[in-house]
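Structural characterization, general
Each chain, letter by letter, is given below.
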Amino acid sequence: MAYKTIQVKTEGRVGVITLNRPEALNALCDALTGELAEALAAFERDEDIGCVVLTGSRKAFAAGADIKELQSRDQVSLYLNDPFAQTWESVARFRKPIIAAVSGYALGGGCEIAMMCDFIIASETAKFGQPEINLGVMPGSGGTQRLPRAVGKAKAMDLCLTGRMMDAEEAERAGLVSRVVPADDLMDTVMEAAEAIATKSLPVAMMTKEAINRSFEVGLTEGVLFERRVFQSQFSLEDQREGMAAFAEKRAPHFKHR
Ligand code: CAA
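Only a predicted model underlies this, so the values are computations on that prediction, with no experimental measurement involved.

**Here's the deal with the nonpolar core**
- Counting residues in hydrophobic clusters, the biggest one holds 46 residues, and the most contacted among them are Ile-17, Phe-61, Val-102, Phe-128 and Leu-176.
- The contacts of Ile-17, once residues within four sequence positions are left out, are Ile-6, Gln-7, Val-8, Leu-36, Ala-39, Leu-40, Phe-43, Val-52, Val-53, Leu-54 and Thr-55.
- Grouped together as the second largest cluster of nonpolar side chains are 15 residues, Val-14, Leu-186, Val-190 and Ala-193 included.

In structure tokens:
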């Protein structure tokens, strides 16, 4: 499949999607969001893919929704034909593990799409922000909901109300990103993490992701019950028997479902 605004490749069991609109700092135009949704759907279907990496360029992960496209929209046209709903659903509801590798700007919809991934690894040059307020609107792709869950109310309010950017060090301190590495090491670090994930049992990795995501939707008692039931169900998997046998036999596990 030939894409115009993204690049897609596989390395072993890892699928890599690179946002590729350098002329617009990877602004998320309709064409790009459509292609991203298609690429994710293809990786979702592909049984040989165990983890996906979403990245941009060194200068920009994505500088937000395409303001030049948004400029001419009105309320009714956005309501009737929401350009983001399908793509955001395809990222937020992507069932396999997905890592955001962020270098440079991750602003507005760019920050929001990174937060839809399971975790973010950032380069030292990364800058995160929700600057929509400077455009006379507020975040519209989950920023007001995911950012406070990630960094707490105070910093989310600060970022969304002032529109300021936060550097990688502050983002790591705040809990938005899992690791910060030098820009030159970003892709190696992310690929190493993705390859490690892709060697695990895929159903177990997916269930782990599902359980952690459930913690943001339900109360503790319900969440713990969900976890217990899923944990118990994993004892019907060959991969559970293989993983535990491999430990006892002091060898590496060979998971069937991966
Ligand atoms: N949409 C459309 N085009 C964009 C863009 C965006 N979000 N961000 C950058 N570009 C374009 C610029 O217009 C410019 O194009 P031209 O060369 O044709 O003029 C090109 O990318 C390079 O950008 P700059 O010249 O501005 O680069 P810079 O290094 O001086 O500044 C920046 C970088 C600070 C990121 C600046 O580009 C910027 O502020 N971008 C907008 C960030 C923003 O407001 N994002 C939120 C968008 S709204 C949103 O995302 C809503 C939502 O929640 C869904």
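**Things to note about helix H6 (residues 143-151)**
- Considered for burial, the residues of H6 that qualify are Gly-143, Leu-147 and Val-151. Across the axial projection of H6, the buried residues extend over an arc of 20°, all falling on one side.
- Packed against the buried residues of H6 are helix H5 (109-116), helix H7 (153-162) and helix H8 (168-174).
- Directly beyond the C-terminal end of H6, a positive phi value near 90° is found at Gly-152.

**Considerations on the layout of surface pockets**
- Empty space within the largest pocket amounts to approximately 1,400 Å³.
- As for the largest pocket, its lining consists of 38 residues, of which Ala-92, Met-116, Asp-118, Asn-213 and Phe-216 are closest to the centre.
- In this structure, the second largest pocket occupies an estimated 650 Å³ of space.
- Along the wall of the second largest pocket there are 26 residues; nearest its centre are Ala-65, Leu-70, Phe-84, Val-137 and Met-138.

**Here's the deal with the pattern of salt bridges**
- Overall, the coordinates contain 13 salt bridges when judged by the stated rule.
- With a closest N to O distance of 2.7 Å, Glu-170 and Arg-164 form a salt bridge.
- Each of Lys-155, Asp-158, Arg-164 and Glu-170 takes part in one network of salt bridges that share partners.

Definitions and limits used
Residues numbered from 1 in each chain as written. Predicted model: local features only at pLDDT ≥ 70, side-chain atom pairs only at ≥ 80, totals over all residues. Heavy atoms only, no water. Core = buried A, V, L, I, M, F, W, Y, C linked by side-chain atoms within 4.5 Å. Buried < 20%, exposed > 50% of the residue type's maximum accessible area, 1.4 Å probe, protein only. Contact = heavy atoms within 4.5 Å. Helix = DSSP H or I, 4+ residues; strand = E, 2+ residues; numbered from the N terminus. Arc of directions from axis to C-beta. 1 Å grid on protein atoms, 1.4 Å probe; cavity = no way out; pocket = protein on both sides within 12 Å on 5 of 7 lines; lining within 4 Å. Points joined across faces, edges and corners; volume = space filled by probe spheres on them. Salt bridge = Lys/Arg side-chain N within 4 Å of Asp/Glu carboxyl O.

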